Amino acid sequence: MLGYSQQMFAIGKQLPEYEMMFQIIAPGTGFGGMLFKPWDQRSRGAHELQQVLQGMWSSIAGGQIFVFALPPLPGAQGAPIQVVINTTEPFQNLNEVVQAVLKKSQESGKFWFIDADLKIDKPQSTVVVDAI
C-alpha cells in the first residue's frame, strides 16, 4: 500500500492545480484526499480534475484506485453508487451473478471504476465466540 500511495502522490503533485494531499494507508486499503488551488488560480474545475486523476492513477500497475468528489452537503459518503447482491445460493453462483453485473456495467461505458468485494480466491470466515 505504501508503494501505491507514493506513486499516487508523485503523480498527483504534478498537476498545476495541486495544493496539498493527505493519505491514510493500512494493509490492503487506503484513503486520501487532494486539495486544489483556489478557483482564481486554476482554469479546470474539480469534475475535470477528477477525470484527469482517475486516468492518471489508473495507470498504476496492481492498484485499484477510485477517484470521487466528496458530497457538497453532509450526509452521503463513499462511492456514488454501491450495490449489494445477496443470495442463499452457494457463493459460486453469487460470483457468476456479480461477474455478469460487472460486465454489463463496464460495457455501458457509464462508470469510471467498477469493483466487487467478493473475492473467491481469498476465502475468509467469521468466527463468533459465545462467551456465556
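The residue numbering used here restarts from 1 in each chain and proceeds along that chain's sequence as written. With pLDDT at 70 or above as the cut-off, local features in this predicted model cover only qualifying residues; side-chain atom pairs require 80 or more to be listed or tallied, and sums for whole chains, interfaces and linings still use all residues. Side-chain figures throughout are based on the complete set of non-hydrogen atoms in the structure, without hydrogens or water.

1. Overview of the side chain of Asn95
Okay, step 1: Here a strand is any run of E in DSSP of at least two residues, a helix any run of H or I of at least four, and the numbering for each starts at the N terminus. Inspection of the secondary structure puts Asn95 in helix α3 (residues 91–108).
Okay, step 2: Look at Asn95 and you get buried, because its relative accessible area is 16%.
Okay, step 3: Here, two residues are considered to be in contact whenever any of their heavy atoms come within 4.5 Å of each other. Here Asn95 is in contact with Leu118 and Ile120, once residues within four sequence places are set aside. Throughout, exposure labels follow a simple rule: accessible area from a 1.4 Å probe, protein chains only, divided by the maximum for the residue type, with under 20% read as buried, over 50% as exposed, and the rest as partly exposed.

2. As for the pairing of strand β2 (residues 29–36)
Okay, step 1: Here, strands pair whenever DSSP counts at least two bridges between them. In the sheet, strand β1 (residues 18–26) pairs with β2 via eight bridges, with the strands oriented antiparallel. Among the inter-strand pairings, Ile25 is bridged to a residue of β2, identified as Gly30.

3. A word on the nonpolar core
Across soluble globular proteins, nonpolar side chains have a tendency to be buried as a group.
Okay, step 1: Counting 13 residues, the largest nonpolar core has Leu15, Met34, Leu53, Trp57 and Ile60 as its most contacted members.
Okay, step 2: If you list the elements that add at least two residues to this core, you get α1 (2–12), β1, β2 and α2 (46–57).
Okay, step 3: Top contributing element to this core by residue count: α2, with three residues.
Okay, step 4: In contact with Ile60, other than residues within four places in its own chain, are Tyr4, Gln7, Met8, Ile11 and Ile65. What we call a nonpolar core is a set of buried Ala, Val, Leu, Ile, Met, Phe, Trp, Tyr and Cys residues that are connected through their side-chain atoms within 4.5 Å.

4. Regarding the side chain of Ser5
Okay, step 1: Residue placement: Ser5 occurs in helix α1.
Okay, step 2: Not counting residues within four places of it along the chain, the set of residues in contact with Ser5 comprises Gln23 and Ile25.

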